[in-house]
Amino acid sequence: MDLRHHTILITGGTSGLGFEFARQLLALGNTVLITGRDSAKLAATKQLLPQVHTFQSDVRNPADIAQLHEQVLAQFPALDVLINNAGEMRKLNLNDPALDLLDLTREVEINLLGPIRMVQQFLPHLKAQKAAAILNVTSGLALTPFPLTPMYGASKAGLRSYTKSLRVQLQHTPVRVFELVAPAAKTPLADRLGTTSGLMAPDKLVAAALRAVRHDQPEAYPGLAKVIRFVSWLTPQFLLGQLGKLVEKEYGQPQAVLGQPPQTGAPGNYPFFATK
Ligand SMILES: NC(=O)c1ccc[n+]([C@@H]2O[C@H](COP(=O)([O-])OP(=O)(O)OC[C@H]3O[C@@H](n4cnc5c(N)ncnc54)[C@H](OP(=O)(O)O)[C@@H]3O)[C@@H](O)[C@H]2O)c1
């Protein structure tokens, strides 16, 4: 798919990968629209990328999505590409009894339900175009559970599954469906988690994603995402065991319930999480 002269809507375009998508797609001669929740970040992005069009909208909120749809189509009826990029990632200790039931599912609402609702809202319009595309940003952590950030992995694995189904259901329409399986990258999201090593530069990552779209490759695995793909296929339990070790390192042993030690087979003794 040629990546010039399109009208492209990117969710979460004020930092990290979304900002980089906006920058590179503007440079290719596209009309680029971005969303975000924070008006100050949208204004700052407009300063850096004066050609970009900004919309304040929260993908977690269906009413915001409906309003965004109305505003965007009124101003940009040629919209033909949707990039579902907005996302959040938190470390969560599921043994913490204070976890709030509403807050617990934030990643699912933003990373999974957000793209699903965006697609459903914009799909009739995209299908009415001569050619259109949807690009969903998943993660290497859609390929393997990452117990330190359990809700994030669940949301991205769900988005990957949904994206594959969407591709099948849209195969006889003008809408192509792409997935970027992103590796860890040097963005504010990674900074907030305290991740410092193995991070891919956002400009290289986004360039690889756009190359895949240009070559009509439905799935892109830049950098270390290729390695995760291979290892998760070859030896998924080993990979889970290695990643699981981070849980005890971060949170320590889970508290025994009612003073009883964890039973064999319970998460604390589960062999893949053993540190020795
Ligand atoms: N960085 C990595 O290591 C990595 C690896 C694999 C996959 N990914 C994925 O890549 C995507 C981009 O991540 P990033 O690293 O670039 O993160 P980032 O730097 O934190 O940027 C996230 C963007 O999404 C926006 N956003 C967050 N929640 C939103 C919501 N509810 N509604 C609308 N916008 C929202 C943020 O703006 P506001 O806060 O103003 O809303 C910001 O513009 C995410 O889907 C992430 O899961 C990242």
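Given the structure is predicted, the values throughout are model-derived calculations rather than measurements.

Asks: Would you mind going over the pattern of salt bridges with me for this structure?
Replies: Side-chain pairing between opposite charges can occur once the charged atoms of the two side chains come close. Under the counting rule described, the total for this entry stands at 13 salt bridges. Put simply, Arg 106 and Asp 103 hold a salt bridge, and the shortest N to O gap is 2.9 Å. With a shortest N-O distance of 2.9 Å, Lys 164 and Glu 219 are connected by a salt bridge. With Lys 164 in helix H6 (residues 150-169) and Glu 219 in strand E7 (residues 219-220), this residue pair connects regions lying 55 residues apart in the sequence. Through salt bridges with shared partners, one network takes in Arg 37, Glu 88, Arg 90, Asp 103, Arg 106 and Glu 107.

Asks: Could you clarify how one ought to interpret the nonpolar core in this entry?
Replies: For soluble globular proteins, nonpolar side chains are generally found buried alongside one another. In this structure, Ile 10, Phe 21, Leu 25, Val 32, Ile 83 and Leu 180 are the most contacted members of the largest nonpolar core, which totals 32 residues. Mapped by element, the contributors of at least two residues to this core are strand E1 (7-10), helix H1 (16-27), strand E2 (31-36), strand E4 (81-84), strand E5 (132-139), strand E6 (175-182) and helix H8 (202-214). Grouped together as the second largest cluster of nonpolar side chains are 26 residues, Leu 79, Leu 123, Leu 166 and Val 175 included.

Asks: Help me understand the domain arrangement of the protein chain, please; the structure alone is not making it clear to me.
Replies: Where interface size is quoted, it is often the accessible area lost as the parts come together. According to the domain assignment, the protein chain consists of domain 1 (7-233) and domain 2 (235-276). Computed from C-alpha coordinates alone, the two centres of domain 1 and domain 2 are separated by 32 Å. In this complex, domain 1 contributes 13 residues to the contact, which on the side of domain 2 involves 12 residues. Summed over both sides, the interface between domain 1 and domain 2 buries roughly 1100 Å², with carbon and sulfur atoms accounting for 71% of that surface.

Asks: Just checking my understanding: could you explain the site of the ligand for this structure?
Replies: Inspection of the region around the ligand gives 30 residues, with Thr 14, Asp 58, Asn 85, Tyr 152 and Thr 187 positioned closest. The separation between an oxygen atom of the ligand and a polar main-chain atom of Gly 12 is 3.4 Å. Asp 38 places a polar main-chain atom, nitrogen or oxygen, 3.1 Å from an oxygen atom of the ligand. Relative to its free-state accessible area of 890 Å², the ligand is covered by the protein chains to the extent of 96%. Those elements that provide at least two residues to the shell around the ligand are H1, E5, H6 and helix H7 (188-193). Split by residue class, the shell around the ligand holds 12 nonpolar, 12 polar and six charged.

Asks: Could you clarify how one ought to interpret the sheet that holds E7 in this entry?
Replies: Read across the open sheet, the seven strands follow the order E3-E2-E1-E4-E5-E6-E7; overall the sheet is parallel. At either end of the open sheet lies a strand with only one pairing partner, and these are strand E3 (53-56) and E7. Of the strand pairs in this sheet, E5 and E6 are connected by eight bridges, and their pairing is parallel. By the bridge assignment, Ile 134 is partnered in E6 with Val 177.

Asks: Help me understand the packing of aromatic side chains, please; the structure alone is not making it clear to me.
Replies: Throughout the structure, instances matching the rule amount to two aromatic pairs. A ring pair is formed by Phe 55 and Phe 76, whose centres lie 6.4 Å apart and whose planes are at 80°; its orientation type is edge-to-face. One end of the pair, Phe 55, is in strand E3; the other, Phe 76, is in the loop between helix H3 (62-75) and E4, and 21 residues separate them in sequence. Look at Phe 76 and you get buried, because its relative accessible area is 13%. In this structure, Arg 229 packs its charged tip against the face of Tyr 221, placed 4.0 Å from the ring centre.

So, how was this worked out
Residues numbered from 1 in each chain as written. Predicted model: local features only at pLDDT ≥ 70, side-chain atom pairs only at ≥ 80, totals over all residues. Heavy atoms only, no water. Salt bridge = Lys/Arg side-chain N within 4 Å of Asp/Glu carboxyl O. Helix = DSSP H or I, 4+ residues; strand = E, 2+ residues; numbered from the N terminus. Core = buried A, V, L, I, M, F, W, Y, C linked by side-chain atoms within 4.5 Å. Buried < 20%, exposed > 50% of the residue type's maximum accessible area, 1.4 Å probe, protein only. Domains from an automatic or database assignment. Contact = heavy atoms within 4.5 Å. Buried area = accessible area lost by both parts, 1.4 Å probe. Near = heavy atom within 4 Å. Polar contact = N/O pair within 3.5 Å; in protein donor to acceptor, adjacent residues only side chain to side chain. Areas by Shrake-Rupley, 256 points an atom, 1.4 Å probe, with all protein chains shown as cover. Nonpolar A, V, L, I, M, F, W, Y, C, P; charged D, E, K, R; others polar. Pairing = 2+ DSSP bridges. Phe/Tyr/Trp six-rings, centres within 6.5 Å; stacked < 30°, edge-to-face > 60°. Lys NZ or Arg CZ within 6 Å of the ring centre and 35° of its normal.

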